[in-house]
Amino acid sequence: MRLLAIETSCDETAAAVVEDGRRILSNVVSTQAEIHARYGGVVPEIASRHHIENIGPVIGRAMSESGMEFGALDAVAVTQGPGLIGSLLVGIQAAKAIALVHDKPLVPVHHIAGHIQAPFLSAEGEIPLPALCLVVSGGHTSLFEMPAEGKYHLLAKTRDDAAGEAFDKVAKLLGLGYPGGPVIDRLAQRGNPESHDFTIARMKDGSPDFSFSGIKTAVLYHVRREGVAPAIDLANVSQEICDLVASFQRAVVASLVRRMVLSAKEKRPGSLILTGGVAANSLLRREAAKAAEGLGLPLFVPPIALSTDNAAMIGAAAFVAWRKGTRGGMDLNGDPHLNLA
Amino acid sequence: MDTTTNEGSIALSRHETVIGAVSLSGDQNYSTVLLPAVVELLAGAGLAAAGIEGYAVTTGPGSFTGLRIGISTVQGLALASGRPCVGLSAFDVRVADGLGLAPTLVVVLEAYRDEVYAAVYDGNGRPTHEPSVEAVGSLLERVPPDAAFLGDAVGRYREAIEARCPGAILHERSRPLAPTLARLAARRLAAGERPAAADVRPYYLREAAVRSASR
């Protein structure tokens, strides 16, 4: 079962051909990160403008690299949401049109289901279910239980900012540019993570949800109070900033891993999955691996190219959805706030 | 296909003869209605999508989201079928309805924010100025008084146009663009042009407003 998957929910234009939800025949990603870096974040209209420029060439390349003709596909899959509506629509219209020409089933996919299924593209052997899945990216921070293939139960989500968003905002206020994740990861390796005592409060109502806006504000107040000068030259960042971001990163990672461990003890899953763009963070990967070892559970983390937004993961999730009978019509619309049911 | 304004349309032609057309009028959500309308139009003509030999789309100016919906849709159709895809500006399509009406033809399209998208042509449809987005007042200063005006912004600016250009011919009622687009594109394909789908680019004429996403 071979399908073409298209993903345009945020600032990557991506297309992939995936076989049986496991084997990647092609995986093309055109990123706009450098363009949005100028604005310190994703600008929706500019994202849409780049998607429309790139969608044709990206799909064309994904098909030619797969060695397949459109007519030989078994289905066409596309991210329906959540995401930026103008961006989503570019991929959705192209996907529907391709499905129409060749009379193939259209499979709408939830972006987060894509992130959760990403490890199935790289894992050797089976991933034991139920799995506990921590999805951490610039737009999402959620913990899901996957009791069976294609079933996702939300256990916790962020009440405010996504973890990746907190990285972006802290990087911005320290003059470190956009996106914040990779640069903070790099600078934190030169900093003292114990230099500042940033803590992330648990929810007062006992909810397992995450919250990352408080720590961002704590960093902001610290910077104002102490008069920390933003970095001017990324090749020459002050020790003060390195210490600050190392402490910030430690607190965010601790909050994420603590919640995963607590839920694992309660739910007793067969495995752990860490995925999403922030899963590229080296401290988070290390701490999650340590926690998994302590719990005696296997941890599955996709390689970085499959952690960040891509279409192969949409192909993996589409295969699962296709087997469940999920289909979209020619009236399929984008849904910026789509729920993962 | 034309989805550059909220009075969109699709049309089907055999050579240069339009054999079917559908208006997508009003404030519709093109992502939900465009392809179902294509399916209906094809069924009415007894054709399958795979039997279409060429595609065409208006590339703008107009609604940013609307024109992208049109372009991504025809790109998907043309790419998947290996067929050529003609992209024409809404100006070039609109002016084709007014050839010979006057020595100067002015296409004014609704750009909101008290501006119009404007293009000026001679009576044979050859462009004489760079297209612009501007207030209608400044446009009228450089247009001869006996020009003909076409486009969906004519009605809104009727008084201003008549005050400045008393001899003007006003084409107030806008016909759907897709039938004219189909004829123009068919002519190009018949002449041997084979534009690639991936080369069709949007024509905005107005910069993006820069505002970061709250996500």
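The shown structure was predicted, so the numbers you read here are calculated from the model rather than taken from an experiment.

A. Representation of the overall build of chain B. When helices and strands are tallied, chain B shows six helices and nine strands. Here the C-alpha radius of gyration of chain B, 18 Å, is about what a compact globule of 215 residues would show, namely 17 Å. Taken over 215 residues, chain B has a buried fraction of 51%. Of all intrachain contacts in chain B linking residues separated by at least 6 positions in sequence, the fraction that spans at least 24 positions is 59%. Total accessible area computed for chain B in this model is approximately 9,500 Å², and 49% of it derives from carbon and sulfur atoms. Put simply, chain B has 20 plus and 23 minus side-chain charges, and the middle of one group is 5 Å from the middle of the other.

B. Layout of the domain arrangement of chain A. All names here are of chain A. With domains assigned, chain A is organised as domain 1 (2-117 + 310-323) and domain 2 (129-303). Each of domain 1 and domain 2 was reduced to a C-alpha centroid, and the two centroids are 27 Å apart. Contact with domain 1, which involves 17 residues of that partner, is made by 14 residues of domain 2. A buried area of about 1,300 Å², summed over both sides, lies between domain 1 and domain 2, and 66% of it is on carbon and sulfur atoms. Among the residues domain 1 hides against domain 2, the three largest losses belong to Ile-112, His-115 and Ile-116. Together they make up 44% of the total. At the boundary of domain 1 and domain 2, one finds one salt bridge.

C. Structural view of the packing of aromatic side chains. By the definition in use, this model includes five aromatic pairs over all chains. Seen from their ring centres, Phe-210 of chain A and Phe-212 of chain A are 6.0 Å apart, and the 15 degrees between their planes marks the pair as stacked. Looking at Phe-210 of chain A, the relative accessible area reads 2%, which means it is buried. According to the relative accessible area criterion, Phe-212 of chain A is buried, its value standing at 0%. Both rings, one in Phe-91 of chain B and one in Tyr-203 of chain B, keep their centres 6.3 Å apart while their planes meet at 75 degrees; by these two values the pair is edge-to-face. Residue Phe-91 of chain B is found in helix α3 (residues 90-95), and its partner Tyr-203 of chain B is found in the segment after α6 (178-190); the two are separated by 112 residues along the sequence. In this structure Tyr-203 of chain B comes out as partly exposed when scored by relative accessible area, which is 24%. The aromatic ring of Tyr-204 of chain B is capped on one face by Arg-49 of chain A, whose charged end is 3.7 Å from the ring centroid.

D. Just the interface of chain A and chain B, in detail. In this assembly, 37 residues from chain A lie in contact with 37 residues from chain B. Taken together, both faces of the contact between chain A and chain B bury some 3,100 Å²; the carbon and sulfur share is 64%. Along the contact surface separating chain A from chain B lie two salt bridges. For Glu-53 of chain A, the salt bridge goes to Arg-201 of chain B, with nearest N and O atoms at 2.9 Å. In this structure, the connection of chain A to chain B is made through seven residue pairs in polar contact (both at pLDDT 80 or more). Elements with a minimum of two residues in the side of chain A that touches chain B: α2 (44-66), α3 (85-102) and α6 (163-173) of chain A. Here the element with the most residues in the side of chain A that touches chain B is α2 of chain A; it accounts for 12 residues. Residue classes in the side of chain A that touches chain B are distributed as 22 nonpolar, eight polar and seven charged.

E. Structural view of the pattern of salt bridges. Per the counting criterion, the structure on display carries 25 salt bridges over all chains. Residue Glu-266 of chain A pairs with Lys-267 of chain A through a salt bridge whose shortest N-O separation is 4.0 Å. Judged by relative accessible area, Glu-266 of chain A falls into the exposed class, the value being 60%. Between Arg-94 of chain B and Asp-97 of chain B there is a salt bridge, with the nearest N and O atoms lying 3.5 Å from each other. The exposure class of Arg-94 of chain B is buried, given its relative accessible area of 8%. Three or more residues joined by partner-sharing salt bridges are found here, namely Lys-157, Arg-159, Asp-205 and Asp-209 of chain A.

F. Looking closely at the side chain of Glu-12 of chain A. Residue and element names in this part refer to chain A. With respect to the element layout, Glu-12 can be found in strand β2 (residues 12-19). Among the residues examined, Glu-12 registers a relative accessible area of 14% and is labelled buried. A polar contact of 2.7 Å, which involves the side chain of Glu-12, links it to the side chain of Thr-31. Excluding residues within four positions of it along the chain, Glu-12 makes contact with Glu-7, Val-29, Ser-30, Thr-31, Gln-32, His-51 and Asp-309.

G. Spotlight on the sheet that holds strand β7 (residues 141-146) of chain A. Residues and elements named next belong to chain A. One open sheet holds the five strands; their spatial order is β8-β7-β6-β9-β10, and the pairing between them is mixed. A single partner strand is all that each edge strand has here, and the edge strands are β8 (153-157) and β10 (299-300). Here four bridges tie β7 to β8, and the two strands are oriented antiparallel to one another. Looking across to β8, one finds that Ser-142 is bridged to Lys-157. The strands that helix α9 (residues 239-267) touches are β6 (131-136), β7, β8 and β9 (271-275); relative to β6, the one it contacts most, it runs at about 160 degrees.

H. Just helix α7 (residues 180-188) of chain A, in detail. Where α7 of chain A is concerned, the buried positions are Gly-180, Val-183, Ile-184, Asp-185, Leu-187 and Ala-188 of chain A. Against α6, α9 and α10 (282-295) of chain A lie the buried residues of α7 of chain A.

I. Structural detail: the packing of α2 of chain A against helix α2 (residues 64-81) of chain B. Close contact between α2 of chain A and α2 of chain B brings their axes to 10 Å; oriented N to C, the two are set at 5 degrees. Considered as vectors, α2 of chain A and α2 of chain B are oriented roughly parallel to each other. In contact with Glu-45, Ser-48, Arg-49, Ile-52, Ile-55, Gly-56, Ile-59 and Gly-60 of chain A of α2 of chain A, α2 of chain B contributes Phe-64, Arg-68, Ile-71, Ser-72, Gln-75 and Leu-79 of chain B. Here the contact of α2 of chain A with α2 of chain B is built from residues that sort into six nonpolar, five polar and three charged.

The rules we used
Residues numbered from 1 in each chain as written. Chains lettered and ligands numbered in written order. Predicted model: local features only at pLDDT ≥ 70, side-chain atom pairs only at ≥ 80, totals over all residues. Heavy atoms only, no water. Helix = DSSP H or I, 4+ residues; strand = E, 2+ residues; numbered from the N terminus. Rg over C-alpha atoms; globule rule 2.2 N^0.38 Å. Buried < 20%, exposed > 50% of the residue type's maximum accessible area, 1.4 Å probe, protein only. Contact = heavy atoms within 4.5 Å. Areas by Shrake-Rupley, 256 points an atom, 1.4 Å probe, with all protein chains shown as cover. Lys, Arg positive; Asp, Glu negative; His and termini not counted. Charge placed at Lys NZ, Arg CZ, Asp CG, Glu CD. Domains from an automatic or database assignment. Buried area = accessible area lost by both parts, 1.4 Å probe. Salt bridge = Lys/Arg side-chain N within 4 Å of Asp/Glu carboxyl O. Phe/Tyr/Trp six-rings, centres within 6.5 Å; stacked < 30°, edge-to-face > 60°. Lys NZ or Arg CZ within 6 Å of the ring centre and 35° of its normal. Polar contact = N/O pair within 3.5 Å; in protein donor to acceptor, adjacent residues only side chain to side chain. Nonpolar A, V, L, I, M, F, W, Y, C, P; charged D, E, K, R; others polar. Pairing = 2+ DSSP bridges. Axes fitted to C-alpha atoms, helices over the stretch in contact; angles between N-to-C directions. Parallel < 35°, antiparallel > 145°, perpendicular 65-115°, else oblique.

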